[in-house]
Amino acid sequence: GLSLAAVRAQMSTGQAAMGEHVAAVRKGRTRLTECLRRLAVQVHPAEGNFVLGDFGARSDFVFDGLKALGVRVRRFRHRPEISNALRITVLDQTAPLDRLVGALETCLTPEALLFDLDGVIADVEDSYRRCILETAGRFGVQVTREELATEVLAGDANNDWILTRRLLAGRGVDVSLDEITDAYQEVYLGTATSPGLRESERLLVSRDVLADLADRLPLAVVTGRPREEAEWFLDREGLTDLFPTVVCMEDGPLKPDPAPVQLACSRLGIKRAWMVGDTPDDIRAAVGAGVVPIGIVAPGPDPAASAAGLREAGAATVLDTLDDLLGLLP
């Protein structure tokens, strides 16, 4: 019924307008077909106002990636013969068609890979996460790991000092941010007589995998850590050369604001990227910046809840490990 109504509306515009519309659709169909073939997508013959492309094993990723970028297409998972195909409507206006082509290129041929640091590259379950719990304990509040995980999934949790203060306030304990920051940093960095919790941080992915990714595309870190702490970890693990671009707390607003993701793309000199993160804040920042959001489940008390939270935030896919990223790349 909606399609017939649209046809009647289009026909009522007159023969000249109809001719212009048909010509624009044909031109757009040719451009879209050429784009898909250039991206190594099999295209079925088409004479209508849509193109059917076979995306193979990556059809789910491309479908959800396009959705995250604000582009809706159709799929037919109930039909085995075209279960990996996506039906893409041909647009008759240049600007929307440019956006569609750009979204397809972003999903299939990224120019760079962006990574959150904590929970993606660095295991911080016994450093930053534990630091929040111990800092809260210093002010008389016991917070469980499950409660902390729930707060992180709720979003706007990229600054651990502010997050700790919010947890304390939720229990009726009013402490200044400066007091919390000082206590937190002492626990995390340590003192002259006691090592800090940061010494427990370990890699979640092998350097070989990161080096393999760096051989394919430029890499960048987009983190809410202070720069000194981010660089300390990368240097200790011998990763500094793999991440020439590092966007940190001092560079501007924190995720879920898209600004740090946009800054990383600007510094890399690219427009098309994928962003890997372990929290809804990471996913929302990626979506806001127009890059493909990819989730990864970090160590924690409830992996299933974390994966569900990432998908709900709009992740195109949720990885178990960064090794899986190699299989998604062209």
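Residues numbered from 1 in each chain as written. Predicted model: local features only at pLDDT ≥ 70, side-chain atom pairs only at ≥ 80, totals over all residues. Heavy atoms only, no water.

Asker: I'd like to hear about the packing of aromatic side chains, residue by residue, with values.
Answerer: Following the criterion strictly, the structure yields 4 aromatic pairs and no others. Ring centres of Phe 115 and Phe 243 lie 6.1 Å apart, and the angle between their planes is 90 degrees; on these two criteria the pair is classed as edge-to-face. Highlighted residues: Phe 115 in strand β5 (residues 112–115) and Phe 243 in the loop between α10 (227–236) and β9 (245–247), separated in sequence by 128 residues. In this structure, Phe 115 and Phe 243 share a single accessibility class: buried. (Phe/Tyr/Trp six-rings, centres within 6.5 Å; stacked < 30°, edge-to-face > 60°. Helix = DSSP H or I, 4+ residues; strand = E, 2+ residues; numbered from the N terminus. Buried < 20%, exposed > 50% of the residue type's maximum accessible area, 1.4 Å probe, protein only.)

Asker: Residue-level account of helix α11 (residues 259–268), with values.
Answerer: Since there are 3.6 residues in each turn of an α-helix, residues three or four apart along the chain are aligned in direction. Those residues of α11 that sit buried are Pro 260, Val 261, Ala 264, Cys 265 and Leu 268. For α11, the arc enclosing every buried residue in end-on projection is 145 degrees, short of the 170-degree limit, so these residues lie on one face. Next to the buried residues of α11 lie β5, β8 (219–222), β9, β10 (273–277) and α12 (280–289). Phi turns positive, to about 75 degrees, at Gly 269, one or two residues after α11. (Arc of directions from axis to C-beta. Contact = heavy atoms within 4.5 Å.)

Asker: Describe in detail the nonpolar core, supporting the description with residues and values.
Answerer: Ranked by internal contacts, the top residues of the largest apolar core, which has 81 residues, are Leu 104, Phe 115, Ile 121, Phe 243, Leu 322 and Leu 325. For this core, the element with the highest residue contribution is helix α4 (residues 94–108), accounting for 7 residues. If sequence neighbours within four positions are ignored, Leu 325 has contacts with Leu 113, Phe 115, Leu 213, Trp 274, Val 276, Ile 294 and Leu 319. (Core = buried A, V, L, I, M, F, W, Y, C linked by side-chain atoms within 4.5 Å.)

Asker: How would you explain the pairing of strand β2 (residues 50–54) if you had to name every residue and give the values?
Answerer: With 2 bridges connecting them, strand β1 (residues 42–43) and β2 associate as antiparallel partners. Across the sheet, the residue bridging to Gln 42 is Asp 54, located in β2. Between β1 and β2, which follow one another and run antiparallel, lie 6 residues. The pairing of β2 with strand β4 (residues 85–89) spans 5 bridges and is antiparallel. Its bridge partner lying in β4, Leu 52 is registered against Arg 87. (Pairing = 2+ DSSP bridges.)

Asker: Account for helix α9 (residues 207–216), with residues named and values stated.
Answerer: Taken as a whole, α9 has its buried residues at Val 209, Leu 210, Ala 211 and Leu 213. Where α9 is buried, its residues touch β5, β8 and α14 (325–328).

Asker: Tell me what's going on with the sheet that holds β2, and back it up with residues and numbers.
Answerer: The 4 strands are arranged β1-β2-β4-β3 in an open sheet whose pairing can be described as antiparallel. The outermost strands of the open sheet, each flanked by one partner alone, are β1 and β3 (74–75). Relative to β4, β3 is paired through 2 bridges, and the arrangement is antiparallel. Paired with Arg 74 across the two strands is Arg 87, which belongs to β4. Of the strands in this sheet, β1, β2 and β4 are in contact with helix α2 (residues 15–38), which crosses β2 at around 10 degrees. (Axes fitted to C-alpha atoms, helices over the stretch in contact; angles between N-to-C directions.)

Asker: Got a sec to walk through unusual backbone geometry? Specific residues and values, please.
Answerer: Cis rather than trans, the peptide bond between Lys 255 and Pro 256 has omega equal to 20 degrees. Here Pro 256 lies in the loop between β9 and α11. Despite not being glycine, Ala 40 shows a phi value in the positive range, around 65 degrees. Backbone geometry places Asp 156, a non-glycine residue, at a positive phi of 55 degrees. Summarising the element assignment, Asp 156 is placed in the loop between α6 (145–154) and α7 (160–170).

Asker: Explain the sheet that holds β5 to me, and be specific about the residues and the numbers.
Answerer: For sheets, the rule is that strands pair by backbone hydrogen bonds, running either parallel or antiparallel. Ordered by their spatial adjacency, 6 strands build an open sheet running β9-β8-β5-β10-β11-β12, and the pairing between neighbours is parallel. Lying at the two open borders of the sheet, with one neighbouring strand each, are β9 and β12 (317–319). Between one strand and the next, the sheet's axes are offset by a mean angle of 25 degrees, whatever the strand orientation. Bridge analysis of strand β11 (residues 292–296) against β12 gives 3 bridges, and the strand direction is parallel. Bridged to Ile 294 within β12 is Thr 317.

Asker: So what's going on with the environment of Asp 324? Residues and values would help.
Answerer: When you line up the elements, Asp 324 lands in the loop between β12 and α14. Asp 324 sits 226 residues away from Asp 98 along the chain, and the two C-alpha atoms are 30 Å apart.

Asker: Residues and numbers for the packing of helix α5 (residues 128–138) against α7, please.
Answerer: It is the contact of α5 with α7, at a shortest axis distance of 10 Å, that shows an interaxial angle of 40 degrees. Taken as axis vectors, α5 and α7 run oblique relative to one another. Two packed elements cross with a definite hand, and for α5 against α7 that hand is right-handed. In this structure, α5 uses Tyr 128, Arg 129, Ile 132, Thr 135 and Ala 136 to contact α7, whose residues at the interface are Asp 160, Leu 163, Thr 164, Leu 167 and Leu 168. Of the residues contributing to the contact of α5 with α7, the split by class is 6 nonpolar, 2 polar and 2 charged. (Parallel < 35°, antiparallel > 145°, perpendicular 65-115°, else oblique. Left-handed = near helix turned anticlockwise from the far one by under 90°. Nonpolar A, V, L, I, M, F, W, Y, C, P; charged D, E, K, R; others polar.)

Asker: Pulling in residues and values, what's your account of the pattern of salt bridges?
Answerer: It is possible for side chains bearing opposite charge to pair when their charged atoms get close. Enumeration according to the criterion identifies 26 salt bridges in this entry. Glu 186 is the partner of Arg 138 in a salt bridge, and the nearest nitrogen-oxygen pair spans 3.3 Å. Of the two residues, Arg 138 sits in helix α5 while Glu 186 sits in helix α8 (residues 177–189), which places them 48 residues apart along the sequence. The exposure class assigned to Glu 186 is partly exposed, which follows from its relative accessible area of 39%. Among the charged side chains, a salt-bridge network with shared partners connects Arg 227, Glu 231, Asp 251 and Arg 267. (Salt bridge = Lys/Arg side-chain N within 4 Å of Asp/Glu carboxyl O.)

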